[in-house]
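Structural overview
Each chain is listed here by its residues.
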Amino acid sequence: MTDLAAELEAIEHASNERLAAATTVDAVDALRHEVLGRSGSLTGLLRRLGSVPAGERPAIGQRANDVRRRLETLIGGRLAELETDDLEARIADEAIDMSAPGRPLRVGHLHPVLTLMRDLREIFHAYGFEVFEGPEVETEEYNFELLNIPPDHPARDLWDTLYVAEPGSIEAGEPRPAADQTILRTHTSPAQVRAMRELDPPIRVLTPGRCFRYEAVDASHGFEFFQVEGLVVDRDTSLADLKGLLEEVARALYGRDVRTRFRPGYYPFTEPSVAFDIGCLVCGGSGCPACKRSGWMTILGAGMVHPEVLRAGGYDPDEFQGYAFGMGPDRMTMLRHGVDDIRLFFGADLRFVTQFSEGR
Ligand code: DAH
């Protein structure tokens, strides 16, 4: 046996042993490089075949090629095997366990005041009311004049108004707002005239929305708050209809046992005017800061629509009468949940608001 033949045998033997021991793609790759690569041991051996005596050359050449092919096949097969194992391990690693419980999502819920406003909408819907929305930025005309509150009328003191300045007017130091001034609505009542101007009688509308006043903030007053306005105009409406409706609404919201009372009130846009009170549910009637220690909480003002307001809406007061009411959903929510400070509703404190998530 020539030296080359012995060398060939040694290469094959060593390669087989290393292949059997290799457990990674990298190890097999390295083996391939060292044996079959450009300067690999077997490649080098093949190059040296020329130096073999011509008589032995075909036999040893044949054997060397056989060894190369065998090694190529074995190495290739082992590589494929290891790559598959790798892939399976990766897939197992990344696999999703479909039976595992999901991560809980943080789900929000409606603000308690919004919930109450939706409940009101549902209750009034049953009485045939439709929602009619008005703008939050109003004109003095709709907010006051058309509601029978002329400029300089002392009743304007009831609504401390936030004026929307015209560009430049503040710098110019204008002492008084112009008569057609733009304001933030102080109540939802201006929607009454807008509704009448847009709809033909008879009508039953509900206007929910945000209102703004230049108020000193305390436990029961905010400078920004909600109202829900109601307006009914028909041929034969009376104060009795108004009282019956509001008492039913109070029972629907607070339960059959709720205590209610009507008091005489004053509003320029209703005649007669009333205030509607609920027995304070925060303190049960004994008196607390939320009810100003009176045991009662006023949740709305109401009355028979003033003829001037019907006229402003384009309706003939000899043919139609109406009643209207303006509810305070913030206070109504305080009563519902026994909250004693209105400021909590606007405080954005999650520890407070998330207490009202139940069932909503
Ligand atoms: N707009 C009144 C307020 O903000 C509330 C009110 C009173 C509304 C009587 C009405 C009403 O519709 O008839 O104080």
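Here, the structure is the one placed above.
Next up on the list: the pattern of salt bridges. Taken as a whole and judged by the stated rule, the model has 18 salt bridges. The salt bridge involving Glu224 is made with Arg210; its shortest N-O contact spans 3.0 Å. Of this pair, Glu224 sits in strand β5 (residues 224-234) while Arg210 sits in strand β4 (residues 203-212), and the two are 14 residues apart along the sequence. Assessed through its relative accessible area of 21%, Glu224 is described here as partly exposed. Note on Arg210: relative accessible area 28%, which makes it partly exposed. The salt bridge partner of Arg261 is Asp277, with a shortest N-O separation of 2.8 Å. Residue Arg261 is found in strand β6 (residues 260-265), and its partner Asp277 is found in strand β7 (residues 270-279); the two are separated by 16 residues along the sequence.

Turning our eyes to something else, we now look at the side chain of Thr207. On the secondary structure map, Thr207 appears in strand β4. Within the structure, Thr207 has its side chain in polar contact with the backbone oxygen of Phe132 (distance 2.6 Å). Not counting residues up to four positions away in its chain, the partners in contact with Thr207 are Phe132, Glu133, Gly134, Thr188, Ala191, Gln227, Val228 and Glu229.

Rules and cut-offs
Residues numbered from 1 in each chain as written. Predicted model: local features only at pLDDT ≥ 70, side-chain atom pairs only at ≥ 80, totals over all residues. Heavy atoms only, no water. Salt bridge = Lys/Arg side-chain N within 4 Å of Asp/Glu carboxyl O. Helix = DSSP H or I, 4+ residues; strand = E, 2+ residues; numbered from the N terminus. Buried < 20%, exposed > 50% of the residue type's maximum accessible area, 1.4 Å probe, protein only. Polar contact = N/O pair within 3.5 Å; in protein donor to acceptor, adjacent residues only side chain to side chain. Contact = heavy atoms within 4.5 Å.

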